[in-house]
Amino acid sequence: MHYFIHAKDRPDSLAARLAARPQHLARLQALCDQGRLLCAGPLPAIDAADPGPAGFTGSLIVAEFASLAAAREWADADPYLAAGVYAEVQVTPFRRVLP
């Protein structure tokens, strides 16, 4: 089953986000290589593809996991969480309809 992971950034966390980005992306790439990643990306703080110093408000990940517990365990091990980027992480089941 797919799970929707919505993480909300702490204020002024852009520097920590940039520092932890390589490790964060490596974990996402591993999911992608396994064919389990449906989509992932940051949520810009302003209406721009590159928000510059405005930074991001969070991240969205939709991926396949064996269970809700497995999805939460994966989300809890995210380098952004360890680096203090994320203030809150929500994990919920996601039922893909389209495409």
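Quick caveat, the model's predicted, so the values are computed rather than measured. (Residues numbered from 1 in each chain as written. Predicted model: local features only at pLDDT ≥ 70, side-chain atom pairs only at ≥ 80, totals over all residues. Heavy atoms only, no water.)

**Remarks on helix H1 (residues 14-33)**
For step 1, the next point in the chain: The end-to-end C-alpha distance of H1 is 27 Å, a good match for the 28 Å that 20 residues give at a rise of 1.5 Å each.
For step 2, the next point in the chain: Where H1 bends most, at Arg21, the angle is about 55°, and the proline Pro22 comes one to four residues later.
For step 3, the next point in the chain: Among all positions in H1, only Arg17, Ala20, His24, Arg27, Leu28 and Leu31 are buried.
For step 4, the next point in the chain: Here the buried face of H1 lies against strand S1 (2-9), strand S2 (37-44), strand S3 (56-64), helix H2 (68-76), helix H3 (79-82) and strand S4 (86-94).
For step 5, the next point in the chain: With its phi angle positive at about 75°, Gly35 sits one or two positions after the end of H1. (Helix = DSSP H or I, 4+ residues; strand = E, 2+ residues; numbered from the N terminus. Expected span 1.5 Å × (residues − 1). Bend = angle between axes of the 7 residues up to and from the residue. Buried < 20%, exposed > 50% of the residue type's maximum accessible area, 1.4 Å probe, protein only. Contact = heavy atoms within 4.5 Å.)

**Section: the pairing of S3**
Each regular strand displays side chains that alternate between the two surfaces of the sheet.
For step 1, the next point in the chain: Of the pairings in the sheet, the one linking S1 to S3 comprises seven bridges and is antiparallel in character. Residue Phe4 lies in a different strand from S3, and its bridge partner there is Val62.
For step 2, the next point in the chain: Pairing of S2 with S3, which is carried by seven bridges, proceeds in the antiparallel orientation. In the sheet register, Ala40 faces S3, and the bridge partner there is Ile61. (Pairing = 2+ DSSP bridges.)

**Some thoughts on the sheet that holds S3**
Strands belonging to one sheet form pairs held by backbone hydrogen bonds; the direction of such a pair is parallel or antiparallel.
For step 1, the next point in the chain: Taken together, four strands build an open sheet; the order of strands is S2-S3-S1-S4 and the sheet is antiparallel. Edge positions in the sheet fall to S2 and S4, since each has one partner strand and no second. For this sheet the average axis-to-axis angle between neighbouring strands, irrespective of direction, equals 10°.
For step 2, the next point in the chain: H1 rests against S1, S2, S3 and S4 of the sheet, and its axis sits at about 10° to S3.
For step 3, the next point in the chain: Sitting on the sheet, H2 is in contact with S1, S3 and S4, with an inclination near 155° to S4. (Axes fitted to C-alpha atoms, helices over the stretch in contact; angles between N-to-C directions.)

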